[in-house]
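# Architecture at a glance
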Amino acid sequence: MEVRRKTLAKVLVVVFVANLVVMGAGALYSSQNAPPIPERVVGSDGETVATDAQVQAGKRAFQSNALMNHGSILGNGAYFGVDYTADTLELKTQFMQRYYAREMHGSEYASLDPSAQAAVDSRVKRDLTGTASGPVVQLSAAEVFAHEQVREVYVDRYHEGAPDRGVAEGMIETREGARRFADFALWTALISHSQRPGSDGSYTNDWPYNPLAGNVPEGATMIWSAISMVLLIAGAGAAVWLYESIELPEPKTRGIEIPDPSDLGLLPSQRAATRFIPIAGLLFVGQVLLGALLAHYYVERDGFFGVGEALGIDVLQWLPFALTKTYHLNLGILWIATLWLGAGLFLPGLLTGYEPDNQERYVNVLLGALLVVVVGGFTGVWLGAKGIIDGPLWWIIGNEGLEGAVEVYRVGTQSLGVVEGDFHIVALGRPEDRSRNARGAIIGPERPDLCELDRPTHAVDRMDRVSARPRLERYFPALFVDLDDLRWRGERERFVLLLEVRRLRSQLWVGSRADTARECRRAASAACDQKFPTRDARSGCADAVRHGYVSRYDSHG
């Protein structure tokens, strides 16, 4: 079936709006039903174990040290390291088993017989069954013991360093910060096994899987997982069917003439735009190298083919996985955006042959803004992840602690990014300066040559040997252009050079080779001085005359 493009566009708009509505409703529902952070977590004796402020401080430690790009939390993040929710829940149950094995049997859990282990497991499961709602959550003595032990494990891992896990020394710069991160991760473990009020499951629908904590998939979870997979496959199949079934009418295109590269002259702004190319190339090479390092980290978690040892550099310490992943993802976006910016600034001059006033300056400013975003952003991410930037600054000029492409510092991605985007739009949308031109514009309304003297001697010599008007038009087409066809542009003052050349028609028909070329240049020079309104326009026109020609497609002067 044949579908009009307008119809397809309407369908896409409907789908896009519907998607936004569904996602917005989901976000609203999630925010209204988010699991609470208790004001205090206390032990059986009433002693405070953790507070709301400590959990929030742990969240900041998690974000500021880019741990989401190393592991994951509640199933979301990178999968190089552990999922901190699943990890702390597993550690919590193991330490509770140790506590009850010592209390009940005076021995380690692993040395108990199966019946004794079953009794210990029953006590652990009973402690972890219940709800964690309300401003104060009370833990059993075994849970308090486990909480303290998990804190120390996280100090050893994320402060002291664990090369076998790809964790650099000082990933979290202080022992206290590592403890607070453990409090945050343990809170996510708490809500994963605590029953949501009014529900048969936990706040995470009994995820992650841990039978000892009572976390096993419910029937509804399995059913909805199967439904989601069916919908995903059905959606992909529907997209393929539509692609093969719909026939879109081909747009009508107008042929263009591609000039020889030697006939093209670059405008100053175009030359400036070419500087984006080597920058994009360097960004691309950087992404490839960091991608190789990331891939190798999965095999050798604390090195890169022995290069670090040979050079005396601790690769893991300088470029840990989380930081490398951030750089790698953002470099992919940046080199594509760099080429997009450069092409957007280069092509208008190529297609039209003109550029606005001070366009080269605008291009250089955009190039500088790009360098600020790249260098400043990457430096801020490194300083933030290393803990050198502390306090509110880590979020403003350091890393935001989110995953992947939204990691780069807020000032760069939002403030400078918006400014650069707006500046790019301004640079492309300003009025053209008709006094500056490039040779060989590719498309646009056909524009007559004014006095085509790129090779004046050769052109006039050939003209002397032919008398037929068609051959003469080939070398001096501007002499036969109807000016009325050009007046719609509202640029009549710019055609004075064409008028002066047409006045020489009789001389061009019968004049000698030298006199013709000299007279044409003289008339053009006089027209430049007398008729063009601005100094830039006169300068551009005089430059064309001085080089012995008025450029092709230059009917506007």
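What counts, and where the lines are drawn
- Residues numbered from 1 in each chain as written.
- Predicted model: local features only at pLDDT ≥ 70, side-chain atom pairs only at ≥ 80, totals over all residues.
- Heavy atoms only, no water.
- Helix = DSSP H or I, 4+ residues; strand = E, 2+ residues; numbered from the N terminus.
- Buried < 20%, exposed > 50% of the residue type's maximum accessible area, 1.4 Å probe, protein only.
- Areas by Shrake-Rupley, 256 points an atom, 1.4 Å probe, with all protein chains shown as cover.
- Polar contact = N/O pair within 3.5 Å; in protein donor to acceptor, adjacent residues only side chain to side chain.
- Pairing = 2+ DSSP bridges.
- Axes fitted to C-alpha atoms, helices over the stretch in contact; angles between N-to-C directions.
- Patch = residues over 30% accessible without salt bridge, like charges linked within 9 Å, V, L, I, M, F, W, Y side chains within 5 Å.
- Salt bridge = Lys/Arg side-chain N within 4 Å of Asp/Glu carboxyl O.
- Lys, Arg positive; Asp, Glu negative; His and termini not counted.
- Charge placed at Lys NZ, Arg CZ, Asp CG, Glu CD.
- Core = buried A, V, L, I, M, F, W, Y, C linked by side-chain atoms within 4.5 Å.
- Contact = heavy atoms within 4.5 Å.
- pLDDT = per-residue confidence, 0-100.
- Parallel < 35°, antiparallel > 145°, perpendicular 65-115°, else oblique.
- Nonpolar A, V, L, I, M, F, W, Y, C, P; charged D, E, K, R; others polar.

Counting its regular elements, the chain contains 21 helices and seven strands. Counting all 557 residues of the chain, 41% fall into the buried class. Put simply, the chain shows about 29,400 Å² of open surface, and 60% of that area lies on carbon and sulfur atoms.

Attention now moves to the environment of Gln270. Tracing the backbone through its elements, the reader meets Gln270 in helix α8 (residues 268–273). A polar side-chain atom of Gln270 sits 2.9 Å from the main-chain amide nitrogen of Leu267.

What follows concerns the pairing of strand β2 (residues 48–51). Here strand β1 (residues 40–42) pairs with β2 via three bridges, running antiparallel. Looking across to β2, one finds that Val41 is bridged to Ala50. In sequence, β1 turns back onto β2 through a hairpin of five residues, with Gly46 there showing a positive phi of about 85°.

With that settled, consider the sheet that holds strand β5 (residues 136–138). Spatially, the three strands line up as an open sheet ordered β2-β1-β5, and their pairing is mixed. The open sheet terminates on both sides in strands that have one partner only, identified here as β2 and β5. The sheet shows a mean angle of 20° between the axes of neighbouring strands, taken without regard to direction.

A word on a nonpolar patch on the surface. The grouping of Val13, Phe16, Val17, Leu20 and Val21 at the surface amounts to a nonpolar patch, some 470 Å² of accessible area in total. Overall, Val21 belongs to the exposed group, its relative accessible area being 54%.

Opposite charge on two side chains makes pairing possible when the charged atoms of those side chains draw close. Under the definition given, this model contains eleven salt bridges. In this structure, the salt-bridge partner of Glu176 is Arg179, at a minimum N-O distance of 3.8 Å. Here Glu176 pairs with Arg179, and both are found in helix α6 (residues 175–193), just three residues apart, close to one helical turn. On the basis of relative accessible area, Glu176 is assigned to the partly exposed category, the value being 43%.

As a further point, take a negative patch on the surface. A contiguous patch of negative charge, built from Asp164, Glu169, Asp302, Glu309 and Asp314, is present on the exposed surface. Relative to the helices and strands, Glu169 is located in the loop between α5 (141–158) and α6. For Glu169, a relative accessible area of 55% gives the class exposed.

Bringing the nonpolar core into the picture now. Phe62, Leu67, Tyr84, Tyr154, Tyr158 and Phe181 are the most contacted members of the largest nonpolar core, which has 41 residues in total. Elements supplying a minimum of two residues to this core: α2 (52–64), α3 (84–105), α4 (114–128), α5 and α6. The leading source of residues in this core is α6, at nine residues. Setting aside residues no more than four positions away along its own chain, Phe181 makes contact with Gly58, Ala61, Phe62, Leu67, Tyr84, Tyr154, Tyr158 and Ile172.

It is worth spelling out unusual backbone geometry at this point. Residues Trp207 and Pro208 are joined by a peptide bond in cis, for which omega reads 0°. Among the structural elements, Pro208 can be located in the loop between α6 and α7 (219–245). Within the chain, Ala66 stands out as a residue other than glycine whose phi angle is a positive 55°. Looking at where Ala66 falls in the secondary structure, it is placed in the loop between α2 and β3 (72–73). Its relative accessible area of 4% is what places Ala66 among the buried residues.

What follows deals with the side chain of His193. Note on placement: His193 falls in helix α6. Look past the residues within four positions of His193 in its chain and what remains in contact with it is Leu89, Lys92, Leu128, Gly130, Glu143, Ser202, Ala213 and Asn215.

Attention now goes to the confidence of the model for the chain. Of the residues in the chain, 69% reach a pLDDT of 70 or more, and the chain-wide mean stands at 77. Averaged over each element, pLDDT in the chain is lowest for helix α16 (residues 456–464) (36) and highest for α5 (97). pLDDT under 50 marks residues 443–516. Its contacts with residues more than four places away, or in other chains, come to 118 contacts. Within the model, pLDDT remains below 50 along residues 546–557, and this stretch shows 46 contacts once partners closer than five positions in the same chain are excluded.

Take the packing of α2 against α6 next. Where α2 meets α6, the axes come as close as 7 Å, and the angle between the chain directions of the two elements is 105°. It follows that α2 is roughly perpendicular to α6 by the angle criterion. Across the interface between the two elements, Gln54, Val55, Ala57, Gly58, Lys59, Ala61 and Phe62 from α2 touch Gly177, Arg180, Phe181, Asp183, Phe184 and Trp187 from α6. Of the residues belonging to the contact of α2 with α6, the class tally is seven nonpolar, three polar and three charged.

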